[in-house]
Amino acid sequence: QVQLVESGGGLVQAGGSRRLSCQASGVTFSIGAMNWYRKAPGKRRELVAGITRAGSTTYTDSVKGRFTISRDNAKNMVWLQMNSLKPEDTGVYYCNAVRRIIGNDINYWGQGTQVTVSS
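Here is a short report on the structure shown in this document. (Residues numbered from 1 in each chain as written. Predicted model: local features only at pLDDT ≥ 70, side-chain atom pairs only at ≥ 80, totals over all residues. Heavy atoms only, no water.)

**What to know about the environment of valine 92**
For step 1, the next point in the chain: With respect to the helices, strands and loops of the structure, valine 92 is situated in strand E9 (residues 91-101).
For step 2, the next point in the chain: Between the alpha carbons of valine 92 and isoleucine 106 there is a distance of 22 Å; along the sequence they are 14 residues apart.
For step 3, the next point in the chain: Excluding its chain neighbours within four sequence positions, the residues that come into contact with valine 92 are Tyr37, Arg38, Lys39, Gly112, Thr113 and Gln114. (Helix = DSSP H or I, 4+ residues; strand = E, 2+ residues; numbered from the N terminus. Contact = heavy atoms within 4.5 Å.)

Structure, rendered in structure tokens:
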């Protein structure tokens, strides 16, 4: 099992910055990709950014150039640096970790952290 705990959410003004953290514990050696998703009010949960164990990253178009995902495998942590925040970035941000076991992906989720961007 893998446990994920997010932190760093809160209220921020538009144009501001926020850094989210996610600490993984448990069977962490087999974690592959780690991702940040967000759930905005009235919208479906979407993948915001992802990073492989080797450090390759991917971002949804709306955050490219503003958000940066990073990880430290030794510390079992992943971060999401969010700059130039916009009101549409408001939502609950969830940390996700993927373990691949015998060809099957097992997803683990944190409890989520609320980010509210005021205009």
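**Quick notes on the state of the cysteines**
For step 1, the next point in the chain: For the structure on display, the rule yields one disulfide.
For step 2, the next point in the chain: The side chain of cysteine 22 participates in a disulfide bridge whose partner is cysteine 95; the two sulfur atoms lie 2.1 Å from each other. Measuring handedness by torsion sign, the sulfur bridge of cysteine 22 and cysteine 95 sits at about -85° and is left-handed. Of this pair, cysteine 22 sits in strand E3 (residues 18-26) while cysteine 95 sits in strand E9, and the two are 73 residues apart along the sequence. Each member of the pair cysteine 22 and cysteine 95 is classed as buried. (Disulfide = S-S within 2.5 Å. Buried < 20%, exposed > 50% of the residue type's maximum accessible area, 1.4 Å probe, protein only.)

**Looking at the sheet that holds strand E8 (residues 77-82)**
For step 1, the next point in the chain: Strand order in the open sheet formed by four strands is E1-E3-E8-E7, and the pairing between neighbours is antiparallel. Each having just a single partner strand, strand E1 (2-7) and strand E7 (67-72) make up the two edges of the open sheet. For this sheet, the mean angle separating the axes of adjacent strands, direction not counted, is 15°.
For step 2, the next point in the chain: Taken together, the six bridges between E7 and E8 define a ladder with antiparallel strand orientation. (Pairing = 2+ DSSP bridges. Axes fitted to C-alpha atoms, helices over the stretch in contact; angles between N-to-C directions.)

By themselves, these observations are geometric and do not establish any function.
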